[in-house]
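# Examination of the molecular architecture
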Amino acid sequence: MPLIRFFLADSGGVRFDIDPARYDRYRPLGAWAMSELGKHLGVVLDGLAMVDDAAAGRPVQPWTSGSYDVVVDGSGIRFRNHFADSEQGAYSLDELRQVLEDYWGFLAAIPEAPGAYREYSPELPLPEAEVLLWEKVWGRAHPYRGRLF
């Protein structure tokens, strides 16, 4: 069972739902994911790579955000929203990993708009094209290649 269930609202925006018994614990993580990751597969790829790097003891690139102070390291993620004191939390790497993997699956399942044009790898499905673009930008194979995609 996922910690957080993501879905598209009628407006097309991302929303989330949490088991009411766990609502207070995971609501800030859902809000962070929804606002920081949005519908951007590349940003989710960044997060997944950070989780893998932290778990393996490799240096983790800083998470840059205009809305949150974010630290990802071997103990997990800690964040605080600059504008809403209630939007803060600390979660283990396993919790962050599960949420990011679920978020990737959610976004990857959203069909591309008919007739949409993409300059990079237009012949490939969007998730595959995003992985190739990520690998080109970072100059390494994505650590989740062969595991999640």
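Residues numbered from 1 in each chain as written. Predicted model: local features only at pLDDT ≥ 70, side-chain atom pairs only at ≥ 80, totals over all residues. Heavy atoms only, no water.

## Structural notes on the packing of aromatic side chains
Following the criterion strictly, the structure yields 10 aromatic pairs and no others. Judged by centre distance (6.0 Å) and plane angle (35°), the ring pair of W134 and W138 falls under tilted. Of the two residues, W134 and W138 both sit in helix 4 (residues 126-138), 4 residues apart, roughly one turn of that helix. You can call W134 buried: its relative accessible area is 5%. Under the relative-accessibility criterion, W138 is labelled partly exposed at 41%. One residue, R25, lies across the ring of Y26, its end atom 5.1 Å from the ring centre. (Phe/Tyr/Trp six-rings, centres within 6.5 Å; stacked < 30°, edge-to-face > 60°. Helix = DSSP H or I, 4+ residues; strand = E, 2+ residues; numbered from the N terminus. Buried < 20%, exposed > 50% of the residue type's maximum accessible area, 1.4 Å probe, protein only. Lys NZ or Arg CZ within 6 Å of the ring centre and 35° of its normal.)

## Quick notes on the pattern of salt bridges
A complete count under the given rule lists 12 salt bridges for this structure. Residue E135 pairs with R145 through a salt bridge whose shortest N-O separation is 2.7 Å. Of this pair, E135 sits in helix 4 while R145 sits in the segment after helix 4; the two residues are 10 residues apart in sequence, bridging distant segments of the chain. Overall, E135 belongs to the buried group, its relative accessible area being 14%. When its relative accessible area of 40% is taken as the criterion, R145 is described as partly exposed. (Salt bridge = Lys/Arg side-chain N within 4 Å of Asp/Glu carboxyl O.)

## Thoughts on the side chain of N81
In this fold, N81 is placed in strand 4 (residues 76-81). Note on N81: relative accessible area 9%, which makes it buried. At 3.2 Å, the side chain of N81 forms a polar contact with the backbone nitrogen of A84. (Polar contact = N/O pair within 3.5 Å; in protein donor to acceptor, adjacent residues only side chain to side chain.)

## With respect to the sheet that holds strand 5 (residues 88-91)
One open sheet holds the 3 strands; their spatial order is 3-4-5, and the pairing between them is antiparallel. Bordering the open sheet on either side are strand 3 (68-73) and strand 5, each of which pairs with just one other strand. With strand direction ignored, the average angle separating the axes of adjacent strands in the sheet is 5°. In terms of strand pairing, strand 3 meets strand 4 through 6 bridges, oriented antiparallel. Following the sheet pairing, D69 is matched in strand 4 by R80. On the sheet, helix 3 (residues 93-108) packs against strand 3, strand 4 and strand 5 and is oriented at approximately 110° with respect to strand 3. (Pairing = 2+ DSSP bridges. Axes fitted to C-alpha atoms, helices over the stretch in contact; angles between N-to-C directions. Contact = heavy atoms within 4.5 Å.)

## Some points on the packing of helix 1 (residues 23-37) against helix 3
Orientation of helix 1 relative to helix 3, taken along the N-to-C sense of each, is 45°, at an axis distance of 12 Å. When the interaxial angle is binned, helix 1 and helix 3 end up oblique. Crossing angle aside, the handedness with which helix 1 passes helix 3 is right-handed. Each of R25, Y26, L29, W32, A33, M34 and L37 in helix 1 lies in contact with helix 3, whose residues at this interface are E95, L96, V99, L100 and Y103. Among the residues making up the contact of helix 1 with helix 3, the classes are represented as 10 nonpolar, no polar and 2 charged. (Parallel < 35°, antiparallel > 145°, perpendicular 65-115°, else oblique. Left-handed = near helix turned anticlockwise from the far one by under 90°. Nonpolar A, V, L, I, M, F, W, Y, C, P; charged D, E, K, R; others polar.)

Honestly, that's just the spatial picture; any functional story needs more than this.
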